[in-house]
Amino acid sequence: MCEILSIPPNSVRYSLSETYFNKLDEGFVKNMRNLMFERNITPILAHTERYYFIEKNSSIIHQLALEGMILQMNAEAFIKRSTRRKAFKLLKRETVGLL
C-alpha cells in the first residue's frame, strides 16, 4: 500500500508518501515510479528511518533515490538508539535528501 498524503498545486510537483513500516509492499516501487515517470511528480518518502524493510531492501530504495525519489528523515533519528545506525548508514550512502 502506498498512501499519498498530499499533492500540492500544479506549480509544485511533490508528493509526501508513506507505506507499511514492516515490509516493502509489492506495489510500492511501481507506485513511486508511476508518480515520477508517468505523472511527473517527485515522491518524498517520509520518515525513512522508521521503515524496518529498508536494510533488507536498501538497493531498491537506493535505486529509487537515484531515479528521483527524495528520502526524508527526522533529525531525531541520529539521537534515538533504535534508529541511529540506520540513519548514519542512509546518510553515508547519500540517499537522504530532506532532513
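It should be noted that the structure appears before, not after, this text.
Not measured: the values here are computed from a predicted model.

Criteria and thresholds
- Residues numbered from 1 in each chain as written.
- Predicted model: local features only at pLDDT ≥ 70, side-chain atom pairs only at ≥ 80, totals over all residues.
- Heavy atoms only, no water.
- Helix = DSSP H or I, 4+ residues; strand = E, 2+ residues; numbered from the N terminus.
- Buried < 20%, exposed > 50% of the residue type's maximum accessible area, 1.4 Å probe, protein only.
- Contact = heavy atoms within 4.5 Å.
- Phe/Tyr/Trp six-rings, centres within 6.5 Å; stacked < 30°, edge-to-face > 60°.
- Arc of directions from axis to C-beta.
- Axes fitted to C-alpha atoms, helices over the stretch in contact; angles between N-to-C directions.
- Parallel < 35°, antiparallel > 145°, perpendicular 65-115°, else oblique.
- Nonpolar A, V, L, I, M, F, W, Y, C, P; charged D, E, K, R; others polar.

1. Quick notes on the overall build of the chain
Thinking step 1. When its secondary structure is counted, the chain shows three helices and five strands.
Thinking step 2. Its helices and strands taken in sequence order, the chain reads β-β-α-β-α-β-α-β from the N to the C terminus.
Thinking step 3. By the burial criterion, 38% of the 99 residues in the chain qualify as buried.
Thinking step 4. In the chain, once contacts between residues fewer than 6 apart in sequence are set aside, the share between residues at least 24 apart is 69%.

2. Focus: the packing of aromatic side chains
Thinking step 1. One pass over the structure, following the stated rule, counts one aromatic pair.
Thinking step 2. Relative to Phe88, the ring of Phe78 lies with its centre 4.9 Å away and its plane at 70°, an arrangement referred to as edge-to-face. One end of the pair, Phe78, is in the loop between β4 (70-72) and α3 (84-92); the other, Phe88, is in helix α3, and ten residues separate them in sequence.
Thinking step 3. A residue is classified by how much of its surface remains accessible, and Phe78, at 17% relative accessible area, is buried.
Thinking step 4. Using a relative accessible area of 46% as the deciding quantity, one classes Phe88 as partly exposed.

3. Focus on helix α2 (residues 58-67)
Thinking step 1. The set of residues buried in α2 consists of Ile61, Leu64 and Ala65. Buried residues in α2, looked at end-on, bunch into an arc of 100°, giving them a common side. Seen from the buried face of α2, the exposed residues on the opposite side, beyond 90 degrees, are Ser59 and Leu66.
Thinking step 2. Following α2 by one or two positions, Gly68 adopts a phi angle in the positive range, close to 130°.

4. Focus: the packing of helix α1 (residues 26-38) against α2
Each pair of packed helices can be summarised by the angle the axes make with each other and by the distance between the axes.
Thinking step 1. Running from N to C, α1 and α2 cross one another at 5°; their axes reach a closest spacing of 11 Å. By the angle between their directions, the pair α1 and α2 is classed as roughly parallel. Here α1 contributes Phe28, Val29, Met32, Arg33, Met36 and Phe37 to the contact with α2, which in turn contributes Ile60, Ile61, Gln63, Leu64 and Glu67.
Thinking step 2. Here the residues of the contact of α1 with α2 sort into eight nonpolar, one polar and two charged.

In short, geometric facts, not functional conclusions.
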